[in-house]
Amino acid sequence: MSPRIRRLHTCRAWLQARPQAADALLAVVLLVVGLPQLYVERLPHGLSDAFAEPDALQLALVVAATMALTFRRTHPLATLCFMSAVQVWLRLGDYRPSVPDAVAFLVGVYSVAAHRPLARSSLGGLLALVVFNTLLASFPVDLGFLTYLSENALVVGVWVLGRNLRMRRAYYAELEDRAARLERARGTDARAARVEERSRIARELHDVVAHHVSVMTVQAGAARRVLDRDPDSAREAMTTIEEVGRTALSEMRRIVGVLRTERDGDREGQELVPQPGLGDLDELLQHVRDTGLSVQLWIEGEARALSPGVDVAAFRLIQEALTNTLKHAGAQARAWVRLSYTDEDLTVEVEDDGRGTATIMADNGERPGHGLVGMYERVALYGGELRIGPRVGGGFGVRARFPLKA
C-alpha cells in the first residue's frame with residue numbers, strides 16, 4: 001500500500017471516529033465551492049432587479065446556516081429549524097438563493113429523517129415543506145406548476161432517503177445484536193453441554209465403581225471367613241476379586257479414554273470398547289452369583305434390538321439395582337430380574353427379598369442416594385417411568401418402563 005493511500009485511510013478512519021468534525025468539514029467544503037458563485041454569477045436583467053446585491057449580512061447568514069451542519073447529527077431538528085429561520089430571513093431581505101445554504105437545507109431535512117424517530121422526523125419534514133413552499137410562493141418570478149412539483153418531490157425524496165437509511169441501520173443493528181445474542185447462547189449451551197457431559201461421566205463412574213467394589217467387598221469378606229478352614233475357596237474368592245478389579249479398571253479406562261478422544265481428537269491405533277448393554281447381562285449376573293447372591297432371570301416377549309441409549313440405560317439400571325441388593329439385602333437374600341418386551345415398550349424389573357429397604361431409601365424415601373438419583377435420570381432421559389420402593393411381602397423392588405417408539 002502506497003503512503004498516499006495509507007494517509008487517505010488514516011484520514012478516513014479519523015473522520016469516522018469524529019462525525020462532528022466530518023460534518024464541519026462538509027460545511028466548509030460547501031462554503032468554499034458555493035460562495036464564489038454568489039459574487040461571480042450574474043443574473044439575467046429581469047431577475048437582477050428583483051434581488052438585492054450580496055452584502056455582509058447575507059454572507060454572515062449563509063455562513064451561519066451552512067456551518068449549522070456541524071450539529072446535524074446531535075441536534076438535527078434544532079439545526080433544521082435554524083436553517084429554516086435563516087432561509088426566511090434571507091427571503092425577507094430579498095437576497096437571492098445561494099448554493100451553500102440551499103444544499104445545507106436539504107442535508108438538514110435528510111438528517112432529521114435519518115437520526116430521529118418517526119414522529120419527530122415527520123414533524124421536521126412537515127416544517128421543511130411548509131417553509132420551502134412559502135419561499136417558492138414568495139419568489140418574484142412565476143416558477144410554474146412543474147417546478148413546484150419537482151422541487152417538492154426533491155424535498156420529499158431527501159426525507160424518504162433519510163428514513164430508509166435509518167431503517168436499514170436499525171435492521172443491521174438488530175442483526176448484529178441477534179448475532180451477539182446467538183453467540184452468548186452458544187457459549188451458554190456449550191457450558192451446559194459440558195456440565196451434562198460431566199454428569200453423564202459421573203453416573204457411569206458411579207455405576208462401574210459401586211457395582212465392582214460391592215462384588216469385591218463381598219468376595220473379600222467371604223475369603224476372610226474361610227481362609228483358615230478352606231484355603232481353596234479363599235483362593236477362588238481372591239481370584240474373583242482380581243478379575244472383578246481388572247474389569248472395573250478396564251471400564252474406567254474406557255470411559256476416560258472416550259473423554260481423552262473427544263478432547264484430543266481421534267488417535268491412530270486407539271481402540272474404543274462399546275458400552276455394555278443387555279447382551280452383557282449374563283456376564284453381569286454371573287459376577288453377582290459368584291458373590292453368593294441367588295439371581296434368576298426371566299425374559300417375556302420377543303427380544304428385539306434396542307437403541308444404544310436405551311440398551312445402556314437398562315443395563316446400568318439392572319447393575320445399580322443388583323449392587324444395592326448386594327450392599328443392603330443381607331445374607332441369604334435372593335433377587336429376580338425380569339425383562340418384558342412389547343411392541344410399545346421395554347419393562348425392566350429387579351426385586352429382592354432382603355432387608356435393605358430402610359438403608360436404601362434414606363429419610364423415608366425423600367432423599368435417595370446418588371445411585372437412585374442416577375436411575376431416575378437415566379430413565380427420564382429416554383422418556384420412561386421409574387418406580388422404586390419396598391416390595392409386597394418384604395424386600396425391595398425397582399421397576400422401569402422404557403418406551404421403544406419416539
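Only a predicted model underlies this, so the values are computations on that prediction, with no experimental measurement involved.

K.L.:
Please clarify how the overall build of the chain should be interpreted in this entry.
P.N.:
A tally of regular secondary structure across the chain gives 13 helices and five strands. For the chain, with 406 residues in total, the buried portion stands at 37%. Intrachain contacts of the chain at a sequence separation of at least 6 include 72% that bridge at least 24 residues. Counting only carbon and sulfur atoms, one obtains 59% of the accessible surface of the chain, whose full area is about 23,800 Å².

K.L.:
Explain the pairing of strand 5 (residues 396–403) to me, please; I cannot follow it from the model alone.
P.N.:
Relative to strand 5, strand 3 (residues 345–352) runs antiparallel, the two being bridged by eight bridges. Among the inter-strand pairings, Glu351 is bridged to a residue of strand 5, identified as Gly397. Note: strand 4 (residues 385–390) against strand 5, six bridges, orientation antiparallel. Its bridge partner lying in strand 5, Arg387 is registered against Arg399. The hairpin turn running from strand 4 into strand 5, its antiparallel successor, is five residues long, and Gly393 in that turn takes a positive phi close to 95°.

K.L.:
Would you mind showing me how to read the pattern of salt bridges here?
P.N.:
Note on pairing: side chains with opposite charge can pair once their charged atoms come close. By the definition in use, this model includes 15 salt bridges. The residue Asp94 makes a salt bridge to Arg91 at a minimum N-O spacing of 3.2 Å. Judged by its relative accessible area of 36%, Asp94 falls in the partly exposed class. A salt bridge links Asp353 to Arg334, with the shortest nitrogen-to-oxygen separation between them at 3.1 Å. Linking Asp353 in the loop between strand 3 and helix 12 (357–360) with Arg334 in strand 2 (residues 334–341), this pair joins segments that are 19 residues apart in sequence. A relative accessible area of 27% means that Asp353 is categorised as partly exposed. Through salt bridges that share partners, Glu174, Asp177, Arg178 and Arg181 make up one connected network.

K.L.:
How should I be thinking about the packing of aromatic side chains in this particular structure?
P.N.:
All chains considered together, the criterion is met by two aromatic pairs. Note on Phe105 and Phe132: the rings are 6.4 Å apart at their centroids and 15° apart in plane angle, and the pair reads as stacked. With Phe105 in helix 6 (residues 99–115) and Phe132 in helix 7 (residues 118–137), the pair connects residues that are 27 residues apart, well separated along the chain. With a relative accessible area of 4%, Phe105 lands in the buried category. Ring plane angle 50° and centroid distance 5.8 Å describe the contact between Tyr171 and Tyr172, whose orientation is recorded as tilted. Given the relative accessible area of 42%, Tyr172 is considered partly exposed.

K.L.:
Would you explain helix 7 in this entry?
P.N.:
Owing to its 3.6 residues per turn, the α-helix brings residues three or four apart onto one side. Between its terminal C-alpha atoms helix 7 stretches 28 Å, which fits the 28 Å expected from 20 residues at 1.5 Å a residue. For helix 7, the set of buried residues is Ser121, Gly124, Gly125, Ala128, Val131, Phe132, Leu135 and Leu136. Angular distribution of buried residues about the axis of helix 7 spans 135°; they occupy a single face of the element. Relative to its buried face, helix 7 has exposed residues pointing more than 90 degrees away, namely Ala119, Leu123, Leu126 and Ala137.

K.L.:
Looking at this structure, I do not really get the packing of helix 2 (residues 19–40) against helix 6. What am I missing?
P.N.:
Each packed pair of helices is defined by two parameters, the angle between the axes and the distance between the axes. Helix 6 packs onto helix 2 with a crossing angle of 135° between their chain directions and a minimal axis gap of 7 Å. The orientation of helix 2 relative to helix 6 falls into the category oblique. Counting all contacts with helix 2, which are made through Leu30, Leu31, Gly34, Leu35 and Gln37, the residues of helix 6 involved are Val99, Pro100, Val103 and Ala104. Tallied by class, residues from the contact of helix 2 with helix 6 come to seven nonpolar, two polar and no charged.

K.L.:
Explanation requested: the sheet that holds strand 5 in the structure shown.
P.N.:
Whether parallel or antiparallel, the strands of a sheet pair through hydrogen bonds between backbone atoms. Taking strand neighbours across the sheet as the criterion, the five strands line up as 1-2-3-5-4 in an open arrangement whose pairing is mixed. The open sheet terminates on both sides in strands that have one partner only, identified here as strand 1 (294–300) and strand 4. On average, adjacent strands in this sheet sit at an angle of 10° to one another, irrespective of strand direction. Here strand 1 runs beside strand 2; their pairing, made up of seven bridges, is parallel. For Gln296, the partnering residue across the bridge sits in strand 2 and is Trp336. In this fold helix 10 (residues 281–290) packs onto strand 1 and strand 2, with an angle of close to 160° to the strand it touches most, strand 1. Running over the sheet, helix 11 (residues 308–328) touches strand 2, strand 3, strand 4 and strand 5 and is turned about 10° from strand 3.

K.L.:
Mind showing me how you'd approach unusual backbone geometry here?
P.N.:
A negative phi angle is the norm for most residues apart from glycine, just as the trans form is the norm for most peptide bonds. Even without glycine at this site, Asp94 takes up a positive phi of about 60°. Residue placement: Asp94 occurs in the loop between helix 5 (76–92) and helix 6.

What counts and what doesn't
- Residues numbered from 1 in each chain as written.
- Predicted model: local features only at pLDDT ≥ 70, side-chain atom pairs only at ≥ 80, totals over all residues.
- Heavy atoms only, no water.
- Helix = DSSP H or I, 4+ residues; strand = E, 2+ residues; numbered from the N terminus.
- Buried < 20%, exposed > 50% of the residue type's maximum accessible area, 1.4 Å probe, protein only.
- Contact = heavy atoms within 4.5 Å.
- Areas by Shrake-Rupley, 256 points an atom, 1.4 Å probe, with all protein chains shown as cover.
- Pairing = 2+ DSSP bridges.
- Salt bridge = Lys/Arg side-chain N within 4 Å of Asp/Glu carboxyl O.
- Phe/Tyr/Trp six-rings, centres within 6.5 Å; stacked < 30°, edge-to-face > 60°.
- Expected span 1.5 Å × (residues − 1).
- Arc of directions from axis to C-beta.
- Axes fitted to C-alpha atoms, helices over the stretch in contact; angles between N-to-C directions.
- Parallel < 35°, antiparallel > 145°, perpendicular 65-115°, else oblique.
- Nonpolar A, V, L, I, M, F, W, Y, C, P; charged D, E, K, R; others polar.

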